[in-house]
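# What the coordinates show
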Amino acid sequence: VVVGGTYLLGDEEKNLRPQERKKVLENARLVGIDTSKCSPSGEWVGFRPYRQTARLEVDTEFSGDVKVIHNFGYGGSGWTVYVGVAKEAASLLSQLD
């Protein structure tokens, strides 16, 4: 089970802060995970590129055998939308032949 996540605008801290860990575990408890009977197997901090508008498009500046699809900028929503946008990227790639 993957639980957690925070978003702090402009934050570049590379380590999980104790207060963030506490809040994530409390949120897990609130959704029904008995955190007194389990412990995290790992934790990490990930920086998610975010743009006002996500980018999913063919890069037309490359030619020949190199094909580039840009697919990024979903921020924290990346975990939610990754399957759909990966399929869309694959569809774009298949149309390049």
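Presented here is a report on the structure given in the accompanying data block. (Residues numbered from 1 in each chain as written. Predicted model: local features only at pLDDT ≥ 70, side-chain atom pairs only at ≥ 80, totals over all residues. Heavy atoms only, no water.)

Helix and strand content of the protein chain: two helices and two strands. Helices (α) and strands (β) of the protein chain occur, in sequence order from the N terminus, as α-β-β-α. Expected size for 97 residues packed as a compact globule is a radius of gyration near 13 Å; at 18 Å, the protein chain overshoots this value by more than 25%. In terms of principal-axis extent, the alpha carbons of the protein chain reach across some 55 × 25 × 20 Å. Within the protein chain, buried positions represent 11% of all 97 residues. Contacts spanning at least 24 positions in sequence make up 44% of the contacts within the protein chain whose residues lie at least 6 apart. Here the protein chain has roughly 8,000 Å² of accessible surface; of this, 53% comes from carbon and sulfur atoms. Computing the positive centroid from 12 side-chain charges and the negative centroid from 13, the protein chain places the two 9 Å apart. (Helix = DSSP H or I, 4+ residues; strand = E, 2+ residues; numbered from the N terminus. Rg over C-alpha atoms; globule rule 2.2 N^0.38 Å. Buried < 20%, exposed > 50% of the residue type's maximum accessible area, 1.4 Å probe, protein only. Contact = heavy atoms within 4.5 Å. Areas by Shrake-Rupley, 256 points an atom, 1.4 Å probe, with all protein chains shown as cover. Lys, Arg positive; Asp, Glu negative; His and termini not counted. Charge placed at Lys NZ, Arg CZ, Asp CG, Glu CD.)

Along the chain, the position of Thr-6 falls in the segment before helix H1 (18-30). Residue classification places Thr-6 among the partly exposed positions, given a relative accessible area of 40%. As for Thr-6 and Arg-21, which are separated by 15 residues in sequence, their C-alpha atoms are 9.9 Å apart. Contacts of Thr-6, omitting those with residues within four sequence positions, involve Glu-20 and Arg-48.

Given a rise of 1.5 Å per residue, 13 residues ought to cover 18 Å, and the 18 Å separating the end C-alpha atoms of H1 matches this to within 8%. Within the sequence span of H1, burial applies to Glu-20, Val-24 and Ala-28. In a view along the axis of H1, the buried residues occupy a sector of 80 degrees, so they form one face of it. Structural note: H1 exposes Pro-18, Gln-19, Lys-22 and Leu-30 on the side pointing more than 90 degrees away from its buried face. (Expected span 1.5 Å × (residues − 1). Arc of directions from axis to C-beta.)

In this section: a nonpolar patch on the surface. Together, Val-2, Trp-44 and Trp-79 line one region of the surface with nonpolar side chains, adding up to about 410 Å² of accessible area. Positionally, Val-2 belongs in the segment before H1. Residue classification places Val-2 among the exposed residues on the basis of a relative accessible area of 62%. (Patch = residues over 30% accessible without salt bridge, like charges linked within 9 Å, V, L, I, M, F, W, Y side chains within 5 Å. Salt bridge = Lys/Arg side-chain N within 4 Å of Asp/Glu carboxyl O.)

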